[in-house]
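Listed here are the chains, written in short residue letters.
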Amino acid sequence: MAERKGGTKLKLGVLISGRGSNLQALIDASANPDYPAEIALVVSNVPNAKGLERCRQPNIATAVIDHKDFDDRESFEAELDKTLRASGVGLVCLAGFMRLLTDTFVNRWHDRLINIHPSLLPAFKGINVHERAVEAGVRIAGCTVHYVRPAMDDGPIIVQAAVPVHPDDDADTLAARVLTHEHRIYPLVVSLIAEGRVRVASERVLIDDVHSSEETLINPIDRR
Ligand code: GRF
């Protein structure tokens with residue numbers, strides 16, 4: 001059983017704003033007693049976010065910190081920071097959290113704050129990623145889990161997954177294909193971090209004891 005030194009599990013704080021399917025992937029993974037991390041707290045900045053409902057049955061603690069209740073980003077983030085610390089959170093996972101975080105918050109959680117983004121970063125940062133990918137005619141899309149740095153969708157890449165873009169794809173079909181892989185790589189990254197196998201050196205991530213794929217993905221395949 002892979003656990004952190006001292007036998008305790010890494011405590012996660014998951015930040016959401018919406019549907020929470022990546023949160024669900026983390027809930028499902030942590031239901032396995034051998035998983036080396038546990039969800040200590042889910043925080044939503046949106047009071048009726050669907051993701052909050054996912055916490056009810058597994059009895060996961062939730063907090064709503066509505067940014068609209070605060071005068072500025074700093075006071076909102078101060079509350080967020082305080083709440084995460086009070087729950088003993090060791091790793092913050094952004095999972096569809098639709099607020100930009102200030103440098104102060106990001107630097108305070110340096111290398112303890114990760115994000116999932118539905119593109120192969122550094123391509124297609126920002127929003128409307130799948131529309132833009134289809135419009136650009138890219139043949140390969142995917143998703144990325146990375147450490148968060150102050151610039152948007154920036155920071156050392158930990159794991160990526162690639163999927164083909166089909167000729168008849170629209171933003172929705174592509175999003176669905178990418179999402180399946182988001183749900184695989186987010187729990188994977190959390191377990192790698194919880195097992196102490198991820199290091200950041202000169203802003204690149206090194207992972208102990210993982211084997212790189214030798215496959216080349218060419219899309220479309222030329223069968224001649
Ligand atoms: C995901 O596509 C994630 O990559 C992006 O926001 C979306 C959140 O979806 N950052 P969900 O709330 O986890 O279902």
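What this report covers is the structure whose coordinates are included nearby. Note that the coordinates shown come from a computational prediction; the quantities given were computed from them, not determined experimentally.

**Considerations on the overall build of the chain**
Right, on to step 1. Across its full length, the chain carries 6 helices and 9 strands.
Right, on to step 2. Taking 17 Å as the expected radius of gyration for a compact globule of 224 residues, we find that the chain reaches 18 Å, a close match to that expectation.
Right, on to step 3. Reported as C-alpha extents along the three principal axes, the dimensions of the chain are approximately 60 × 40 × 40 Å.
Right, on to step 4. Per-residue burial over the chain gives 44% buried out of 224 residues.
Right, on to step 5. Within the chain, counting contacts between residues at least 6 apart in sequence, those at least 24 apart form 63% of the total.
Right, on to step 6. Surface accessibility of the chain: about 12100 Å² in total, with carbon and sulfur atoms responsible for 49%.
Right, on to step 7. Side chains of the chain give 26 positive and 31 negative charges; the mean places of these two sets differ by 2 Å.

**Observations concerning the site of the ligand**
Right, on to step 1. Around the ligand sit R19, G20, S21, N22, G96, I116, H117, P118 and E182, and those are all the residues in its vicinity.
Right, on to step 2. The contact in question runs from an oxygen atom of the ligand to an N or O atom on the backbone of N22, over 2.8 Å.
Right, on to step 3. Within the backbone of I116, one N or O atom sits 2.9 Å away from a nitrogen atom of the ligand.
Right, on to step 4. Calculation on the ligand without its partners gives an accessible area of 370 Å², and the protein chains cover 85% of this total.
Right, on to step 5. Within the residue set of the shell around the ligand, elements represented by two or more residues are α1 (21-30) and β5 (113-117).
Right, on to step 6. Among the residues making up the shell around the ligand, the classes are represented as 2 nonpolar, 5 polar and 2 charged.

**Description of the sheet that holds strand β7 (residues 157-164)**
Right, on to step 1. Taken together, 7 strands build an open sheet; the order of strands is β3-β2-β1-β4-β5-β6-β7 and the sheet is mixed. One side of each edge strand has no neighbouring strand; the edge strands of this open sheet are β3 (62-64) and β7. Taking each pair of neighbouring strands and ignoring which way they run, the sheet shows an average axis angle of 20°.

**Details of helix α5 (residues 129-136)**
Right, on to step 1. Turning to α5, its buried residues number three or more, namely V129, H130 and A133. Take α5 and look down its axis: the buried residues cluster within an arc of 90°, on one side only.
Right, on to step 2. Contacts made by the buried residues of α5 are with β5 and α6 (171-194).
Right, on to step 3. Count one or two residues on from α5 and you reach G137, which has phi positive near 75°.

**Considerations on the pairing of strand β9 (residues 204-207)**
Right, on to step 1. Pairing of strand β8 (residues 198-201) with β9, which is carried by 4 bridges, proceeds in the antiparallel orientation. Counted as the bridge partner of R199 is L206 from β9.
Right, on to step 2. What sits between β8 and β9 in their antiparallel hairpin is a turn of 2 residues, with S202 showing a positive phi close to 50°.

**Thoughts on a negative patch on the surface**
Right, on to step 1. On the surface, a cluster of negative charge is contributed by E131, E135, D168, D170 and D172.
Right, on to step 2. Among the secondary structure elements, E131 is positioned in helix α5.

**Topic: the nonpolar core**
Nonpolar side chains tend to gather and get buried jointly when the protein is soluble and globular.
Right, on to step 1. Within the largest apolar cluster, 42 residues are counted, with the highest numbers of intra-cluster contacts made by V14, I114 and I158.
Right, on to step 2. Mapped onto this core, the elements with two or more residues apiece are β1 (10-16), α1, β2 (37-44), β4 (91-94), β5, β6 (140-147), β7 and α6.
Right, on to step 3. With 18 residues, the next largest nonpolar core counts L41, I65, F105 and V106 among its residues.

**Some remarks on the environment of P156**
Right, on to step 1. Within the secondary structure, P156 sits in the loop between β6 and β7.
Right, on to step 2. Spatially, the C-alpha atoms of P156 and V145 are 8.8 Å apart, while their sequence positions differ by 11 residues.
Right, on to step 3. Not counting residues up to four positions away in its chain, the partners in contact with P156 are H146, Y147, R149, V200, E203 and V205.

Basis of the calculations
Residues numbered from 1 in each chain as written. Predicted model: local features only at pLDDT ≥ 70, side-chain atom pairs only at ≥ 80, totals over all residues. Heavy atoms only, no water. Helix = DSSP H or I, 4+ residues; strand = E, 2+ residues; numbered from the N terminus. Rg over C-alpha atoms; globule rule 2.2 N^0.38 Å. Buried < 20%, exposed > 50% of the residue type's maximum accessible area, 1.4 Å probe, protein only. Contact = heavy atoms within 4.5 Å. Areas by Shrake-Rupley, 256 points an atom, 1.4 Å probe, with all protein chains shown as cover. Lys, Arg positive; Asp, Glu negative; His and termini not counted. Charge placed at Lys NZ, Arg CZ, Asp CG, Glu CD. Near = heavy atom within 4 Å. Polar contact = N/O pair within 3.5 Å; in protein donor to acceptor, adjacent residues only side chain to side chain. Nonpolar A, V, L, I, M, F, W, Y, C, P; charged D, E, K, R; others polar. Pairing = 2+ DSSP bridges. Axes fitted to C-alpha atoms, helices over the stretch in contact; angles between N-to-C directions. Arc of directions from axis to C-beta. Patch = residues over 30% accessible without salt bridge, like charges linked within 9 Å, V, L, I, M, F, W, Y side chains within 5 Å. Salt bridge = Lys/Arg side-chain N within 4 Å of Asp/Glu carboxyl O. Core = buried A, V, L, I, M, F, W, Y, C linked by side-chain atoms within 4.5 Å.

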